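Remarks on the overall topology
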Amino acid sequence: MSSKFGSGGRPPQAPPIDPSVILNNSTDVRCEKCGNATFAQVFLIKHISSIASPTGEEGMIPIPTYACNVCNNVNKEFIPAILRKTDERETTTNKITLVKE
Ligand SMILES: [Zn+2]
């Protein structure tokens, strides 16, 4: 088997990057609400119903993310995209339910 990446079939390892280069090309992430730039790790907990669970049992899934140290806001960018979409879907479903009632 030949590959354009050579004998291993994997891309060559990237050369080590100087951390100062990364920092010089980075910007601070700030809280969307208050502009603070420090965050603490927190967890989103998703409750999974027995219907959706692969094991058939209800459960909880902790998802690590970051909250503002000052106002506890969680920036949207800190929430995994798949969860944001789920929340939007739930919101839409709730709206439809409300209209029916
Ligand atoms: Zn904040």
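Residues numbered from 1 in each chain as written. Predicted model: local features only at pLDDT ≥ 70, side-chain atom pairs only at ≥ 80, totals over all residues.

Our focus in this paragraph is the overall build of the protein. Within the protein one finds 2 helices and 2 strands. In sequence order, the protein lays out its α and β elements as α-β-β-α. Counting across all 101 residues of the protein, residues that qualify as buried make up 3%. (Helix = DSSP H or I, 4+ residues; strand = E, 2+ residues; numbered from the N terminus. Buried ≥ 20, exposed ≤ 12 C-beta atoms within 10 Å, placed from the backbone.)

The next thing to look at is the environment of Asn-72. You can see Asn-72 is positioned in the loop between strand E2 (59–68) and helix H2 (81–100). On a C-alpha basis, the gap between Asn-72 and Phe-39 in space is 8.4 Å, while along the polypeptide they are 33 residues apart.

Any segment with low pLDDT has predicted coordinates that should not be analysed in fine detail. On average, residues of the protein score 81 in pLDDT, and 73% of them are at 70 or above. Long-range and interchain partners of residues 92–97, a stretch whose pLDDT sits below 50, account for 0 contacts in this model, where long-range means more than four residues apart. (pLDDT = per-residue confidence, 0-100. Contact = placed C-beta atoms within 7 Å.)

The next subject is the pairing of E2. E2 sits mainly on the outside: 1 of its 10 residues count as buried. Here 10 bridges tie strand E1 (residues 39–48) to E2, and the two strands are oriented antiparallel to one another. For Gln-41, the partnering residue across the bridge sits in E2 and is Tyr-66. (Pairing = 2+ DSSP bridges.)

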